[in-house]
Amino acid sequence: MGTSTRVALVDDDSDYRQLYRLWLPERYDVIEAADGREALELVDGSVDVVILDREMPNANGETVATELRDRSIDPAVVMVSSLEPGVDILDVPVDSYLTKPASRDALLSVISTIRSWREYGPERRDLLGLAARTAAVSEAKRAVALAESEAYRRAEERLAAHQLDPIDLPIER
């Protein structure tokens, strides 16, 4: 399967892993992990995209995302969680954030979008991910709460310095 996209489904809920597997077209080579530790053992340089639950045993999604970015491998990472994104997600090294239950269209669209970012260098990709996370937070939080957030202000300033606006990616609630 040399030309297929390899996707790691990482979620402690087997029903979500099964659902995502059913949603992905046949051209995707799918592997699964039931917790964070298993994900860290499973995900290697052959994995293109990681669909990552935020709350899991044996290393949560934030820990897994951070460790993956610290390695020499660099898969695209979509965090999918039942928690609405807060400003804390701005500091988590993921490319996008969806709220469960995400729709099939939203999941496939985000995978396609973040895969296209692979043509960019690490700094540009990091900025695109920050823009996507900022958009997710903006959608989920009231403007007043955002205005009081130091993390949100820093994210906006960083994006403005690079002339980027939060990206309007599909965000499911």
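Residues numbered from 1 in each chain as written. Predicted model: local features only at pLDDT ≥ 70, side-chain atom pairs only at ≥ 80, totals over all residues. Heavy atoms only, no water.

Caption draft 1: Layout of the overall build of the protein. The helix and strand tally for the protein stands at seven helices and five strands. Order of helices (α) and strands (β) in the protein, N terminus to C terminus: β-α-β-α-β-α-β-β-α-α-α-α. Relative to a compact globule of 173 residues, whose C-alpha radius of gyration would be 16 Å, the protein shows 15 Å and is just as compact. Dimensions of the protein along its principal axes, counting C-alpha atoms only, are 45 × 30 × 30 Å. Within the protein, buried positions represent 48% of all 173 residues. Expressed as a percentage of contacts within the protein between residues at least 6 apart in sequence, the contacts between residues at least 24 apart total 65%. Across the protein, 21 positive and 34 negative side-chain charges occur, with their mean positions spaced 2 Å apart. (Helix = DSSP H or I, 4+ residues; strand = E, 2+ residues; numbered from the N terminus. Rg over C-alpha atoms; globule rule 2.2 N^0.38 Å. Buried < 20%, exposed > 50% of the residue type's maximum accessible area, 1.4 Å probe, protein only. Contact = heavy atoms within 4.5 Å. Lys, Arg positive; Asp, Glu negative; His and termini not counted. Charge placed at Lys NZ, Arg CZ, Asp CG, Glu CD.)

Caption draft 2: Layout of helix α1 (residues 14–23). Listed as buried for α1 are R17, Y20 and W23. Each buried residue of α1 lies within a common arc of 125° when the element is viewed along its axis, so the set occupies one face. Among the exposed residues of α1, those oriented more than 90 degrees off its buried face are D15 and L22. If you check the start of α1, you find a side-chain oxygen 2.8 Å away from the backbone N of D15, and it comes from D13. (Arc of directions from axis to C-beta. Polar contact = N/O pair within 3.5 Å; in protein donor to acceptor, adjacent residues only side chain to side chain.)

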